[in-house]
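Single-letter residue listing:
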Amino acid sequence: MGIENEVLRAYGIATPALTYGNGHINDTYISGDYIIQRINTNVFKEPEKLMSNILKVTNFLKVKLKKEGRDPERETLSVVLTEDGRSFYKTGDGEYFRVCKLIKNSISYDAVTPKLLYGAAYGFGDFQRLLSDFDGRELYETIPDFHNTPKRYADLLSAYKADICGRAYKVKKEMEYINSLSKELSIVTDALESKEIPCRVTHNDTKINNVLFDRESGKLLAVIDLDTVMPGSLLYDFGDALRSAANTAAEDEKDLLLVGLNFENAEAFIKGFMLSAKDFITEREKELLPFSVKLIALELGMRFLADYLAGDVYFKTSREGQNLDRARCQLEFARIVGENLKALAKIVNMCVSGDSLSS
Ligand code: ADP
Ligand code: GN1
Ligand code: MG
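Residues numbered from 1 in each chain as written. Chains lettered and ligands numbered in written order. Predicted model: local features only at pLDDT ≥ 70, side-chain atom pairs only at ≥ 80, totals over all residues. Heavy atoms only, no water.

Asks: Describe in detail the site of ligand 1, supporting the description with residues and values.
Replies: Among the 20 residues in the neighbourhood of ligand 1, the closest are listed as Asn-26, Ile-103, Ser-108, Asn-209 and Asp-225. Between an oxygen atom of ligand 1 and a main-chain N or O atom of Ile-25, the distance comes to 3.3 Å. Separating an oxygen atom of ligand 1 from a side-chain N or O atom of Asn-210 is a distance of 3.0 Å. Surface burial for ligand 1 is 95%, taken as the share of its 550 Å² of free accessible area covered by protein chains. Of the residues that constitute the shell around ligand 1, the class distribution is eight nonpolar, 10 polar and two charged. Each of domain 1 (5-103) and domain 2 (114-353) gives at least three residues to the shell around ligand 1. (Near = heavy atom within 4 Å. Polar contact = N/O pair within 3.5 Å; in protein donor to acceptor, adjacent residues only side chain to side chain. Areas by Shrake-Rupley, 256 points an atom, 1.4 Å probe, with all protein chains shown as cover. Nonpolar A, V, L, I, M, F, W, Y, C, P; charged D, E, K, R; others polar. Domains from an automatic or database assignment.)

Asks: A description of the site of ligand 2 should follow, citing residues and the corresponding values.
Replies: Around ligand 2 sit 18 residues in total, of which His-24, Lys-207, Glu-251, Arg-303 and Tyr-314 are the nearest. A distance of 2.9 Å separates an oxygen atom of ligand 2 from a polar atom in the side chain of Asn-210. Between ligand 2 and the protein, one listed contact pairs an oxygen atom with a side-chain N or O atom of Arg-303 at 2.8 Å. For ligand 2, the protein covers 98% of the area, taking 440 Å² as the surface of the free molecule. Looking at the shell around ligand 2 element by element, the count peaks at three residues for helix H9 (residues 283-310). Grouping the amino acids of the shell around ligand 2 by side-chain chemistry returns eight nonpolar, four polar and six charged. Looking at the shell around ligand 2, you find at least three residues from each of domain 1 (5-103) and domain 2 (114-353). (Helix = DSSP H or I, 4+ residues; strand = E, 2+ residues; numbered from the N terminus.)

Asks: Help me get a handle on the coordination of the magnesium ion (ligand 3), residues and values and all.
Replies: Bound to the magnesium ion (ligand 3) on the protein side are Asn-210 (OD1) and Asp-225 (OD), at distances that span 2.1 to 2.2 Å. Taken together, the residues Asn-210 in the loop between strand E8 (200-202) and strand E9 (211-214) and Asp-225 in the loop between strand E10 (220-223) and strand E11 (230-232) connect sequence positions 15 residues apart. The class of Asn-210 is buried, set by a relative accessible area of 6%. According to the relative accessible area criterion, Asp-225 is partly exposed, its value standing at 23%. (Donors = N, O, S within 2.8 Å, 3.2 Å for Na, K, Ca; no water. Buried < 20%, exposed > 50% of the residue type's maximum accessible area, 1.4 Å probe, protein only.)

Asks: I'd love a proper account of the pairing of strand E6 (residues 96-101), names of residues and values included.
Replies: The buried count for E6 comes to five of six residues, which makes it a mostly enclosed element. Sheet topology note: the strand E3 (residues 34-38)/E6 ladder contains five bridges and is antiparallel. Looking at the pairing, Ile-35 lines up with Cys-100 of E6. Taken together, the two bridges between strand E4 (residues 79-80) and E6 define a ladder with antiparallel strand orientation. Note that in E6 the partner of Val-79 across the bridge is Cys-100. Relative to E6, strand E5 (residues 89-90) runs antiparallel, the two sharing two bridges. By the bridge assignment, Lys-90 is partnered in E6 with Tyr-96. (Pairing = 2+ DSSP bridges.)

Structure, rendered in structure tokens:
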């Protein structure tokens, strides 16, 4: 689907738009100095609230970045308003679009080297630090229960039972594996509820391609894709980033023998993250860091599986069976991480102990 001229006109943009990026949710286009996105209203039911969150968060970040002598234009997103001053444009057909300034000479990667990852990890921790005095009550919940893992499990069980596409017979093994771990799924939600760990303002979608790097220097520029910035746990951001950056296989790899934990990447990530988070992370959060990687991989595995059972209605797919492959890949990664929790804890402790906190 292209972009209607009506949208370009609303923003006074003359250059034609070309498709851009690898996101699974919105449709992204580039046009001159702008990034134009069709907001996925199947996922984000209330685009007005979504844009209100993004404006609040980016305005807050810009003030902070400026105070710290950093570059507010390149280190976070800049929303462009329509010619009549709105943060989004609704077409006659009811589609929602938004525009951000293109962060020039930037690039995002689906797979990264340890060096790049160290910078990105620092950036994810720093993102939480920068937002640590932002009042989460100002934010709408753009996707309710986004990282509520027990709820994701309940949704999967419903999709399996309903089996509207007749695909359930293909996922018996995966369901057995998930059922065997059902007790683990509430560890983080319970800890949040009992206040054993703090609720913070978090990004909630820290996949590695949601980070922009400078094309030339490889330096971290900005954490982008701010659609899910909401109150949450630091563990969600840590877990999601590592599950996406330390898997030796692509997210939709069919050959599960290629799935593995890249220790070099894991170490680089943990070092970078701890460097920016060491002053605010709590002891209990620290203890749960390795488990969070398994949890988010399991959670995403369940989400991909539920979408496969529901007929691929949430995540964009480019081939048949892609969501099933994605699910299997996450579940296999969760299994492998589960076998390596002690090794990951050792890296965390090494980074905490101080001497190794340089790259
Ligand atoms: P989705 O929600 O579909 O994942 P994203 O907001 O992550 O969409 O955008 C998709 C891709 O577009 C990103 O991975 C990044 O490569 C690119 N991108 C998005 N916004 C910008 C921007 N302001 N400047 C440069 N590149 C961008
Ligand atoms: C989606 O939007 P994108 O592609 O950065 C999804 C994440 C998943 C990810 C898996 C809003 O992220 O939760 O972890 O796909 N975002 C949303 O690749 O559901
Ligand atoms: Mg994205």
